[in-house]
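Below are the chains, spelled out letter by letter.
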Amino acid sequence: QKEVEQNSGPLSVPEGAIASLNCTYSDRGSQSFFWYRQYSGKSPELIMSIYSNGDKEDGRFTAQLNKASQYVSLLIRDSQPSDSATYLCAVNSVRGSTLGRLYFGRGTQLTVWP
Amino acid sequence: DGGITQSPKYLFRKEGQNVTLSCEQNLNHDAMYWYRQDPGQGLRLIYYSQIVNDFQKGDIAEGYSVSREKKESFPLTVTSAQKNPTAFYLCASSIDKGVSIYEQYFGPGTRLTVT
């Protein structure tokens, strides 16, 4: 079983729509969750972090966390063509020997068309 | 101007040669990481280091070596034992924000091509 799984995509939405990206994780003890955006040919950029159940909003981005269901999502409202990228979900390790490392999903490629 | 620098951006080597990728950070982060990314694949952890003079193997450490002599620097050597070294190599660093929260930030990456 993979540590972190994301909906494989690709996901395609029209400009102005809501894009929904989903991620599940296997370690029930995980406490911190991150979303990274990676443009083609570039390195990942941290765009959201969430640590508590519920929603966290930052501009057009909303991260949602449900620890009971081991599920984290990212909503992008009013999607723009500039949001077209691969989105990576990452979850922290809580095991003592690997504390400090993140487990990454394989990413979901999002395309926003005008 | 704080950040993580990786050099060079592009690197070309002949098969059988060792090559060292540079990673420097001036963020005063304690932990540093090396990842490899291949087309269509996610990030795979090669090595990471929580403190100076200590590092742990990640999921694909075979054929790679690292050192952590200074807090700011974490160079990665790709040895001739690495079977498929051509990839995009990413260095990251993180700070412990408490309660096992480690936000990782990435450098711009080095694209290595071995022929």
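Definitions and limits used
Residues numbered from 1 in each chain as written. Chains lettered and ligands numbered in written order. Predicted model: local features only at pLDDT ≥ 70, side-chain atom pairs only at ≥ 80, totals over all residues. Heavy atoms only, no water. Helix = DSSP H or I, 4+ residues; strand = E, 2+ residues; numbered from the N terminus. Rg over C-alpha atoms; globule rule 2.2 N^0.38 Å. Buried < 20%, exposed > 50% of the residue type's maximum accessible area, 1.4 Å probe, protein only. Phe/Tyr/Trp six-rings, centres within 6.5 Å; stacked < 30°, edge-to-face > 60°. Lys NZ or Arg CZ within 6 Å of the ring centre and 35° of its normal. Pairing = 2+ DSSP bridges. Axes fitted to C-alpha atoms, helices over the stretch in contact; angles between N-to-C directions. Disulfide = S-S within 2.5 Å.

Asks: Please clarify how the overall build of chain A should be interpreted in this entry.
Replies: On a plain count of helices and strands, chain A comes out with 0 helices and 11 strands. Helices and strands appear in chain A in the N-to-C order β-β-β-β-β-β-β-β-β-β-β. Against the compact-globule benchmark of 13 Å for 114 residues, chain A has a radius of gyration of 14 Å, which places it among compact chains. When the 114 residues of chain A are sorted by exposure, 46% land in the buried category.

Asks: Would you mind going over the packing of aromatic side chains with me for this structure?
Replies: In this description, a pair of aromatic rings is defined by centroid distance and the angle of the planes. Under the definition given, this model contains 11 aromatic pairs over all chains. Taking the centre distance of 5.5 Å and the plane angle of 85° together, the rings of Phe104(A) and Tyr35(B) count as edge-to-face. With Phe104(A) in strand β10 (residues 102–104) and Tyr35(B) in strand β4 (residues 31–37), the pair connects residues from two separate chains. Note on accessibility: Phe104(A) and Tyr35(B) belong to one class, buried. Relative to Tyr89(B), the ring of Tyr64(B) lies with its centre 5.9 Å away and its plane at 65°, an arrangement referred to as edge-to-face. Note that Tyr64(B) is positioned in strand β7 (residues 64–66) and Tyr89(B) in strand β9 (residues 87–96), a separation of 25 residues in sequence. The burial state of Tyr64(B) is the same as that of Tyr89(B); both residues are buried. Directly above the aromatic system of Phe74(B) lies the positively charged group of Arg68(B), at a separation of 6.0 Å from the ring centroid.

Asks: What am I meant to see in the pairing of strand β4 (residues 33–38) of chain A here?
Replies: All names here are of chain A. Burial within β4 is extensive, with 6 of its 6 residues counted as buried. Residues Phe33, Trp35 and Arg37 of β4 are buried on one face, and the alternating residues Phe34, Tyr36 and Gln38, pointing to the opposite face, are buried as well. Across 5 bridges, β4 lies against strand β5 (residues 45–50) in antiparallel orientation. From the neighbouring strand, Arg37 faces β5, where its bridge partner is Glu45.

Asks: For this particular structure, what's the right way to read the environment of Leu88(A)?
Replies: All names here are of chain A. Checked against the element boundaries, Leu88 lands in strand β9 (residues 85–92). Classification of Leu88 by relative accessible area gives buried; the value is 1%. The spacing of Leu88 and Leu75 is 13 residues in sequence and 13 Å in space, taken between C-alpha atoms.

Asks: Could you clarify how one ought to interpret the sheet that holds strand β1 (residues 4–7) of chain B in this entry?
Replies: Strand-to-strand pairing in sheets goes through backbone hydrogen bonds, with the strands running parallel or antiparallel. Residues and elements named next belong to chain B. Across the sheet, which stays open at both edges, the 4 strands sit in the order β1-β3-β8-β7 with antiparallel pairing between neighbours. In this open sheet, the two strands that pair with only one neighbour each are β1 and β7. Within this sheet the neighbouring strands show an average axis-to-axis angle of 20°, counted without direction. Both β7 and strand β8 (residues 76–78) contribute to a ladder of 3 bridges, which runs antiparallel. The partner of Ser65 across the bridge, within β8, is Thr77.

Asks: Whenever I open this one, the state of the cysteines confuses me. Can you help?
Replies: Here is the idea: a disulfide is a covalent bond, and it sits between the sulfur atoms of two cysteines. If you walk through the whole model with that rule in mind, you get 2 disulfides over all chains. Note that Cys23(A) is cross-linked by a disulfide to Cys89(A), the S-S spacing being 2.0 Å. One quick way to see it: the torsion about the S-S bond of Cys23(A) and Cys89(A) is about -75°, and its sign makes the bridge left-handed. Of this pair, Cys23(A) sits in strand β3 (residues 19–25) while Cys89(A) is found in strand β9, placing the two residues 66 residues apart along the sequence. Across the pair, Cys89(A) and Cys23(A) agree in class, each one buried. Shown here is the disulfide that connects Cys23(B) with Cys91(B), its sulfur atoms set 1.9 Å apart. Judged by the sign of its S-S torsion, about -70°, the cystine formed by Cys23(B) and Cys91(B) is left-handed. On the criterion of sequence distance, the pair formed by Cys23(B) in strand β3 (residues 19–25) and Cys91(B) in strand β9 is long-range, its members being 68 residues apart. Judged on exposure class, the residue Cys23(B) and its partner Cys91(B) are both buried.

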